[in-house]
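Below are the chains, spelled out letter by letter.
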Amino acid sequence: MLDIQSLRRDLAGVAERLASRGFMLDKAEFSRLEIERKLLQTHTQTLQAQRNSSSKQIGAAKARGEDVSAIMAEIAGLGDALTAAETALQALQTELDALLMGIPNLPHESVAVGLSEDDNREISRVGLPRVFDFPVRDHVDLGEKFGLDFETASKIAGARFSLLRGDLARLHRALAQFMLDTHIVNHAYTEVYVPYLVNAESMRGTGQLPKFEDDLFHVPRKDMEKLYLIPTAEVPLTNIVREQIVPREQLPLKFVAHTPCFRSEAGAYGRDTRGMIRQHQFDKVELVQLVEPKDSYATLEALTAHAEAILQALQLPYRKMALCTRDLGFSAAKTYDLEVWLPAQNTYREISSCSNFEAFQTRRMLARFRGENGKPELLHSVNGSGLAVGRTLVAILENHQQADGSVVIPEVLRPYMGGLSALRPATD
RNA sequence: GGAGAGGUGGCAGAGCGGCCGAAUGCGCCUGACUCGAAAUCAGGUAUACGGUAAUCCCGUAUCGUGGGUUCAAAUCCCACCCUCUCCGCCA
């Protein structure tokens, strides 16, 4: 959520910055609501003040044993007027709030203005794509031999689910363990185990609701508020500080969690139907930091480097992209995507997305710390995947495949694999 | 699933429908005393929104959440949420 003050102060300027990311703010509508809000709010509060002082007088008069009918008569119609005013104000607030909640974040000044993902800027490339002297197989063909089984998954659950067996399942687990351990030990994050089902309030906090309900799975409950399956651990991790004032000396908060993520992928029907690139359920190791505003851009760089460290350790070639204004997610002020090389697709594919949300999320959830002057200030939230486990598995299979169909397991994962150095097709 | 207890400021803990944004204690901040500290004393110490650009001032709202009764609700009524204890069930 944007700061409503900034909209009041410089509506045209804000609208212009929003336009750069493709969002057209209805300035007239906002102004109309604001003018009315101000009128209604002052009116309501005046009536409330009147009621309060009259009620006080009645109390005092009664205590002295005086007659109160005169005062009572004076405020005869006040109750109804007040109810009407309060109702109108509330309705207007709801409208204004809905408008505000639907506005995306402002792009940071360092973000290039662009019209599509083609305008994203490549920041760096690390590692060289291998040159293969044999026909490259994609992860679906390779994985089949090691226990990757989409047919069984679809029998059990439907399309866009996967099932892993044996060493492949173990490798998947090894990846998550390795990532977690790296972030805990080398990068000083605190490991957190979180709920995978969250309430609507949490979803609002990080920005998934109210606008992106269609992308989420939810679980109805009889006579109870429905719960949502998390699309990323960002949701529970960031909401840890919702409605809290964190003591300054505890900052920065650095959380890491390994969770499954659930996405309905509505609107992606035809895309990435083959393989485990785009699934309804996938595992991810997520990094979240809550920091003082002055630190958040340095934090974004650091956190992105933490994600990169995983790719480097796994010897996967990747590039780092700075998203342009048009490609930014709803809540992000600035985003780096890490894209891993997938030889079978002959292209780089997103494997991590690292963003600074500034105060966009924390304002929604009232997550604060106590600043220098002792006043509560909004934290900044920064997060990123470190990494998406399923896609990392895909990248390992494809990048580390051998002519004989085996896949070399990166050195750093071997301790998690009981010393196994390669996946080999079953010899039958 | 059954039975019971309870949700009040950073914490503990009071609170006859009006003088309650809320006693008291602890904690914290400032000052006095002190060479310094402790102890003691004095004062201060919630958040959001609005008037408004303002850390001052004024107003409004907030005692788990939402509704109701009333001129007036932390206090009375209803519903819901959450926590705790015991029993049952359960990974």
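Above this note sits the structure.
To keep things clear, this report deals only with the structure shown in the data block. Owing to the predicted nature of the structure, the values given are computational and were not obtained by experimental measurement.

With that settled, consider the overall build of chain A. Counting its regular elements, chain A contains 13 helices and 16 strands. The principal-axis extent of the C-alpha atoms belonging to chain A is close to 100 × 45 × 45 Å. When each of the 428 residues of chain A is scored for burial, the buried share is 50%. A fraction of 72% describes how many contacts in chain A between residues 6 or more apart in sequence connect residues 24 or more apart. Mean positive and mean negative side-chain charge positions of chain A (49 and 56 charges, respectively) differ by 2 Å.

Spatially, 8 strands are ordered β1-β9-β10-β11-β14-β8-β7-β2 in an open sheet, and the strand pairing comes out mixed. Two strands lie at the open edges of the sheet, namely β1 (121-126) and β2 (190-191), each paired on one side alone. Two elements, strand β9 (residues 318-322) and strand β10 (residues 334-342), share 5 bridges in a ladder whose sense is antiparallel. By the bridge assignment for β10, Arg319 is matched with Glu339. Helix-sheet contacts for helix α11 (residues 296-313) involve β1, β7 (253-262), β8 (281-291), β9, β10, β11 (347-358) and β14 (380-388), and the interaxial angle to β14 is about 10 degrees. Each of β8, β10, β11 and β14 is contacted by helix α13 (residues 389-399), which is oriented at about 40 degrees to β14, the strand it contacts most.

Between helix α2 (residues 11-19) and helix α3 (residues 27-63), the least distance of the axes is 11 Å, while the angle of their chain directions is 140 degrees. Accordingly, the angle class assigned to the pair α2 and α3 is oblique. At the point where α2 passes α3, the crossing takes the right-handed sense. Packed against α2, whose contacting residues are Leu11, Ala12 and Ala15, the element α3 presents Lys27, Phe30 and Ser31 at the interface. Each residue belonging to the contact of α2 with α3 can be placed in one class, and the counts come to 4 nonpolar, 1 polar and 1 charged.

About the thresholds
- Residues numbered from 1 in each chain as written.
- Chains lettered and ligands numbered in written order.
- Predicted model: local features only at pLDDT ≥ 70, side-chain atom pairs only at ≥ 80, totals over all residues.
- Heavy atoms only, no water.
- Helix = DSSP H or I, 4+ residues; strand = E, 2+ residues; numbered from the N terminus.
- Buried < 20%, exposed > 50% of the residue type's maximum accessible area, 1.4 Å probe, protein only.
- Contact = heavy atoms within 4.5 Å.
- Lys, Arg positive; Asp, Glu negative; His and termini not counted.
- Charge placed at Lys NZ, Arg CZ, Asp CG, Glu CD.
- Pairing = 2+ DSSP bridges.
- Axes fitted to C-alpha atoms, helices over the stretch in contact; angles between N-to-C directions.
- Parallel < 35°, antiparallel > 145°, perpendicular 65-115°, else oblique.
- Left-handed = near helix turned anticlockwise from the far one by under 90°.
- Nonpolar A, V, L, I, M, F, W, Y, C, P; charged D, E, K, R; others polar.

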